[in-house]
Amino acid sequence: MDRIVSMLELQQELNDSTNGLDWEDGLTKDGKIIDWKRCIFLEGAELINSYPWKHWKNINSSADYENIKIECVDIWHFVMSEALKEYKIFELGNISTLASDIVSSVEYKMFKEELSIKRDIYAEIKSVENMIATLFTSNNVHTLMGAFFEMSLNLGVNIETLYSLYIGKNILNKFRQDNGYKEGTYIKIWNGLEDNVVMQSILEQDNSISPKQLYFALQSKYPKNL
């Protein structure tokens with residue numbers, strides 16, 4: 001419960017700072033339309049492209065499971081945002097209410113279990129497609145969340161992995177915004193590595209690092225500071 005509340009609060013803060021207050025009404029402070037479902041759809045497509053699914057190209061390559069985990073976390077950002085929007089617009093309750101509804105779901109109870117991974121790339125791809133399909137077949141955000149939890153488990157991501165990487169990606173997103181991401185001046189490749197990879201390597205070296213320490217660690221490795 002505490003982890004879900006923490007992630008929802010961080011996502012609310014990130015959306016407030018990036019998009020402006022009242023982003024739940026569907027517009028950013030700059031007047032851009034917000035469509036979280038479109039975000040989920042396109043991130044899902046990016047996730048699928050981390051698999052060697054093409055029968056005509058690189059047929060002997062392997063799935064990029066490190067990037068798959070990151071794409072999964074990116075989708076979670078947008079799933080939470082859609083839920084936060086719905087709970088405010090339809091007056092369904094506050095963040096605590098939403099968190100309670102999430103943790104009481106059958107799918108989330110399974111999501112807390114220890115991972116038992118049997119790799120089958122086509123079954124994994126199908127679970128991503130099933131999650132995407134809920135965007136078009138249901139208007140219930142809890143159906144979407146249930147499909148997300150089922151997909152994540154199939155991809156080797158449970159609450160432990162999701163929470164750790166979400167905190168890391170949330171701080172990275174704040175770092176990006178502070179360093180020109182929206183203006184197009186941000187540098188995403190750091191000495192040959194994508195910033196996501198740098199963030200993951202920092203977490204792997206110290207999984208007890210605080211959000212503030214992670215921010216400073218990113219700052220120390222950012223190309224403009226070298």
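See the structure printed just above.
The shown structure was predicted, so the numbers you read here are calculated from the model rather than taken from an experiment.

A. Structural detail: the overall build of the chain. Assigned secondary structure in the chain consists of 10 helices and 2 strands. Ordered by position from the N terminus, the helices and strands of the chain form the series α-α-α-α-α-α-α-α-β-β-α-α. The C-alpha atoms of the chain give 18 Å as radius of gyration, which agrees with the globular expectation for 226 residues (17 Å, within 12%). Each of the three principal axes of the chain carries a C-alpha extent, and together these read 45 × 45 × 35 Å. Here the chain, with 226 residues, has 46% of them falling under the buried criterion.

B. The nonpolar core, seen in detail. Of all hydrophobic cores here, the largest spans 66 residues; its most connected members are Ile-4, Leu-8, Trp-76, Met-131, Phe-148, Met-151 and Leu-218. Of the residues forming this core, the biggest block, 12 residues, is contributed by helix α3 (residues 65–89). Among all residues touching Met-131, those that are not within four sequence positions of it are Ile-40, Ile-75, Leu-144, Ala-147, Phe-148 and Met-151.

C. Layout of the packing of helix α1 (residues 2–19) against α3. One way to put it is that α1 packs onto α3 with a least axis distance of 10 Å and a crossing angle of 85°. With respect to each other, α1 and α3 are oriented roughly perpendicular. Here Ile-4, Met-7, Leu-8, Gln-11, Gln-12, Leu-14 and Asn-15 of α1 come into contact with α3, specifically with Trp-76, His-77, Met-80, Ser-81 and Leu-84. Classifying every residue of the contact of α1 with α3 gives 7 nonpolar, 5 polar and no charged.

D. Expanded view of empty space enclosed by the protein. One pass over the structure, following the stated rule, counts 1 cavity of 30 Å³ or more. The computed volume of the largest cavity comes to approximately 60 Å³. In terms of lining residues, the largest cavity is bounded by Lys-37, Glu-82, Glu-86, Thr-134, Leu-135, Ser-138, Asn-139, Asn-140, Val-141, Thr-143 and Leu-144. Counting residues per element, the ones that place at least two in the lining of the largest cavity are α3, α6 (121–137) and α7 (141–154). Broken down by class, the residue content of the lining of the largest cavity amounts to 3 nonpolar, 5 polar and 3 charged.

Procedures and definitions
- Residues numbered from 1 in each chain as written.
- Predicted model: local features only at pLDDT ≥ 70, side-chain atom pairs only at ≥ 80, totals over all residues.
- Heavy atoms only, no water.
- Helix = DSSP H or I, 4+ residues; strand = E, 2+ residues; numbered from the N terminus.
- Rg over C-alpha atoms; globule rule 2.2 N^0.38 Å.
- Buried < 20%, exposed > 50% of the residue type's maximum accessible area, 1.4 Å probe, protein only.
- Core = buried A, V, L, I, M, F, W, Y, C linked by side-chain atoms within 4.5 Å.
- Contact = heavy atoms within 4.5 Å.
- Axes fitted to C-alpha atoms, helices over the stretch in contact; angles between N-to-C directions.
- Parallel < 35°, antiparallel > 145°, perpendicular 65-115°, else oblique.
- Nonpolar A, V, L, I, M, F, W, Y, C, P; charged D, E, K, R; others polar.
- 1 Å grid on protein atoms, 1.4 Å probe; cavity = no way out; pocket = protein on both sides within 12 Å on 5 of 7 lines; lining within 4 Å.
- Points joined across faces, edges and corners; volume = space filled by probe spheres on them.

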